[in-house]
Amino acid sequence: MRTEFKLRASFRAFTDHAATALAVLSTLLVVTPLVVIFGYLIFKGFSSLNFAFFTKVPVPVGETGGGMANAIVGSAVLLGLASLIGIPLGIGGGIYLAEFGRGTKMAYAIRFTADVLNGVPSIVMGLAAFSLVVVPQGHFSAMAGGVALGIMMVPTVCRTTEEMLLMVPHAIREAALGLGVPNWRSVLSITVKTASPGIITGCMLAFARVAGETAPLLFTALGNQFWSTSLNEPIAALPLQIYVYALSPYDDWHRLAWAGALVLIVLIVLSVSLVRYVTSRGVLKGNS
Amino acid sequence: MPEIRLSQPKPQSEPPPPAGKNTTEASKVSPSAIRKFLLSRGNSAMADRSFQYLMSLCAFSIFGIVILIFVELIGRSQMAWNEFHFKFFYKIYVDSFSHSFLFWDPVNSHFSALPFIYGTLVSSFLALALAVPLAVGVAVFLTEMCPGILRGPLAFLTELLAAIPSIVYGLWAMYVLVPLLREHVNPLLISSLGWTGFFTDDNPTGLGFVAAAIILAIMILPIISSLTREVMTAVPHSQREAVLALGATRWEMIRMGVLRNARIGIVGGIILGLGRALGETMAVTMVIGNSPEIHKSLLSNGSSMAAVIANEFAEATSDMHRSALIEIGLALFIVTVIVNALARLLVWAVTRGAPADAH
């Protein structure tokens, strides 16, 4: 009886240790690829990053050198266009969810749809933008790429705006309304203004997410080897250029692809860190 | 409507200099100062209402977007649908010369989505099999075992994994993972597990389902682990304390007190990861090999629904080809919408209490 009990106890202790070891092991296994990817990216990217990368346009096949200036500018144009579409719609939707539709069935439905839309594959967004813009226009264009990216921004911006607005204490709204401020004014200059650091970081998060998107641009913006900023023509974009260069058989282009990937990652890591800083330090909490 | 009047005595409420002017106004029974002030500011009912309508319009645009995508995709895939109907998804052509199976040959107008559906399912479920145990392990470690100092940075690192764009994963997989698989892992798999028939030595490139599944697993891991973490922290502390008070070890506490309570939410997280894996495009396109064939071997080349759209759409040879690709996109859209809706409902059911309130 006694030995049986002891055996059981040691078996249980063993299972406990084994489970702990497995959990630690899996954490190590998850962190490893991240460290490896980052290490390799920094190693490869830094060695090929130079001044020409930011100032020159791509050179023809066979020549060495050249940069991705047109892709960087193209990405900026596309992202600007996407922000023009996605940010107002998203913030407006977030204001509705937090201020007007709170607790209603309609708000639940919208929140649910936004979450589902967030999970729709980016390539499908590209197909939709193709049918909406490219087919009526008759040619690939920066406009179509901007629409595809803009649609993708809406759900993310909407949900973060809502979350940030919900964190604003009720007393502030009541104080504004008590002073006789019209509701729209109270929402815009009191509630939204209080939540603005959070909303801005939410927009940056959405921005960073679409900045790295390649799939929706493949058959909307198409890519361009030359300098172009026109909204009516195909335009180059950083992720597209990385894709084309990565699949090419030339070492010099691979080098540029790694440098491009490093630039993209630095941009994204910076904005994600900022978001984390704002949400964890509680910039909003200072107001309550 | 009654007039708003100053309740205080006039001499006190008004400054001395314009006193004379005000008494003359009051004698003409004009609106009081406050009323005039309010009227001069205009009526805000109109502005308030239009503001609310404007904001609702923005919110409803989300419905609009989903419906628009759906309608557009249905419209543009009409041609392929009229030609093949449901056969599009399971048709198998047989080559008249070699008598081998043929699925996708746009030039000879052979269209069948079967190899792409197969590729998507195989790579996604293989990725889930790799990612789920690891993700749950990470979540358990972070919520129950991790010392406080490590928790923040580790959670941040796994979040960072989610923020890396898929093109960067694809680049890394192409130049680091695939050579690694080709040189070291695949020979090992072939020699040790070759007898099962799932690992045959007929593809020397290193590309294929295994490479796609590994990179997909790395990509969906943070989604599953962060959601698992969320539902695990939502489990009340009293549950843990009750199990511990009965003399359970830590692992028994986690198994009985936490994982059992959080299991619906964890399943939701896994389904959400599945949704992401099904639609993932760039990284898969770069490493899956892109050949529309069906092989039993996991080391052989394949293709996926998203990959074939990414590869062929911009250079589609005919209207039918384009229409068939859009139909694949439509199928992908419907499947991911269903998968995501299911996952959201499950996660909400756990984190917000009653599932009936979820919609």
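Treat the numbers as computed from the prediction; the structure is a model and nothing was measured.

A.B. asks: Account for the overall build of chain A, with residues named and values stated.
C.D. replies: Each helix and strand in chain A was counted, giving 10 helices and zero strands. Taken from the N to the C terminus, the helices and strands of chain A come in the order α-α-α-α-α-α-α-α-α-α. In terms of C-alpha radius of gyration, chain A reaches 25 Å, well past the compact-globule figure of 19 Å for 288 residues. Principal-axis analysis of the C-alpha atoms gives chain A an extent of 80 × 70 × 35 Å. Counting the 288 residues in chain A, one finds 50% classified as buried. When contacts within chain A are restricted to residue pairs at least 6 apart in sequence, those whose partners lie at least 24 apart make up 73%.

A.B. asks: Quick one: what's the story with the confidence of the model for chain B, residue by residue and with numbers?
C.D. replies: Residues and elements named next belong to chain B. Per-residue confidence for chain B gives a mean pLDDT of 84, with 89% of residues at or over 70. Contacts for the low-pLDDT stretch residues 1–26, under 50 throughout, to residues beyond four places or in other chains number 14 contacts. Confidence drops under pLDDT 50 across residues 354–359; counting only partners more than four residues distant or on other chains, this segment forms 10 contacts. Across the interfaces of the predicted complex, the ipTM metric reaches 0.89, alongside a pTM of 0.86.

A.B. asks: Outline the domain arrangement of chain B, supporting the account with residue identities and numerical values.
C.D. replies: Domains assigned within chain B are domain 1 (10–42) and domain 2 (77–358). In this structure, domain 1 of chain B and domain 2 of chain B have C-alpha centres spaced 73 Å apart.

A.B. asks: How would you summarise the domain arrangement of chain A if you had to cite specific residues and measurements?
C.D. replies: Residue and element names in this part refer to chain A. Each domain of chain A was delimited in the assignment, giving domain 1 (2–48) and domain 2 (54–287). Distance between the C-alpha centres of domain 1 and domain 2: 36 Å. Each partner contributes to the interface: domain 1 provides six residues, whereas domain 2 provides seven residues. In terms of residue class, the side of domain 1 that touches domain 2 is built from three nonpolar, two polar and one charged.

A.B. asks: Tell me what's going on with the interface of chain B and chain A, and back it up with residues and numbers.
C.D. replies: Between chain B and chain A, the residue contacts involve 68 residues of the former and 72 residues of the latter. Of the residues assigned to the side of chain B that touches chain A, the class counts are 48 nonpolar, 14 polar and six charged.

A.B. asks: Explain the packing of helix 5 (residues 122–137) of chain A against helix 6 (residues 142–166) of chain A to me, using residue names and the numbers behind them.
C.D. replies: Packed helix pairs are characterised by how far apart their axes lie and by the angle those axes make with each other. Residue and element names in this part refer to chain A. Viewed as axis vectors pointing N to C, helix 5 and helix 6 meet at an angle of 135°, and their least axial separation amounts to 9 Å. Viewed along their axes, helix 5 and helix 6 adopt a mutual orientation that is oblique. The element helix 5 and its partner helix 6 pack so that their crossing is right-handed. On the side of helix 5, the interface is formed by S122, M125, G126, A129, F130, L132, V133 and V134, while helix 6 contributes M143, A144, V147, A148, I151 and M152. Of the residues contributing to the contact of helix 5 with helix 6, the split by class is 12 nonpolar, two polar and no charged.

A.B. asks: Please provide a residue-by-residue account of unusual backbone geometry, values included.
C.D. replies: Peptide bonds are trans in most cases, and residues, glycine excluded, mostly fall at negative phi. Non-glycine residue A:L222 carries a positive phi angle of around 70°. One non-glycine residue, B:H85, lies in the positive phi region at around 50°. As for its placement among the helices and strands, B:H85 is situated in the loop between helix 5 (78–84) and strand 1 (93–94).

A.B. asks: How would you explain the environment of B:M256 if you had to name every residue and give the values?
C.D. replies: Residues and elements named next belong to chain B. Mapping M256 onto the fold places it in helix 11 (residues 250–279). Considering only alpha carbons, one finds M256 and I34, 222 residues apart in sequence, at a separation of 67 Å. For M256, the contacting residues outside a window of four places in its chain are V243 and A248.

About the criteria used
Residues numbered from 1 in each chain as written. Chains lettered and ligands numbered in written order. Predicted model: local features only at pLDDT ≥ 70, side-chain atom pairs only at ≥ 80, totals over all residues. Helix = DSSP H or I, 4+ residues; strand = E, 2+ residues; numbered from the N terminus. Rg over C-alpha atoms; globule rule 2.2 N^0.38 Å. Buried ≥ 20, exposed ≤ 12 C-beta atoms within 10 Å, placed from the backbone. Contact = placed C-beta atoms within 7 Å. pLDDT = per-residue confidence, 0-100. Domains from an automatic or database assignment. Nonpolar A, V, L, I, M, F, W, Y, C, P; charged D, E, K, R; others polar. Axes fitted to C-alpha atoms, helices over the stretch in contact; angles between N-to-C directions. Parallel < 35°, antiparallel > 145°, perpendicular 65-115°, else oblique. Left-handed = near helix turned anticlockwise from the far one by under 90°.

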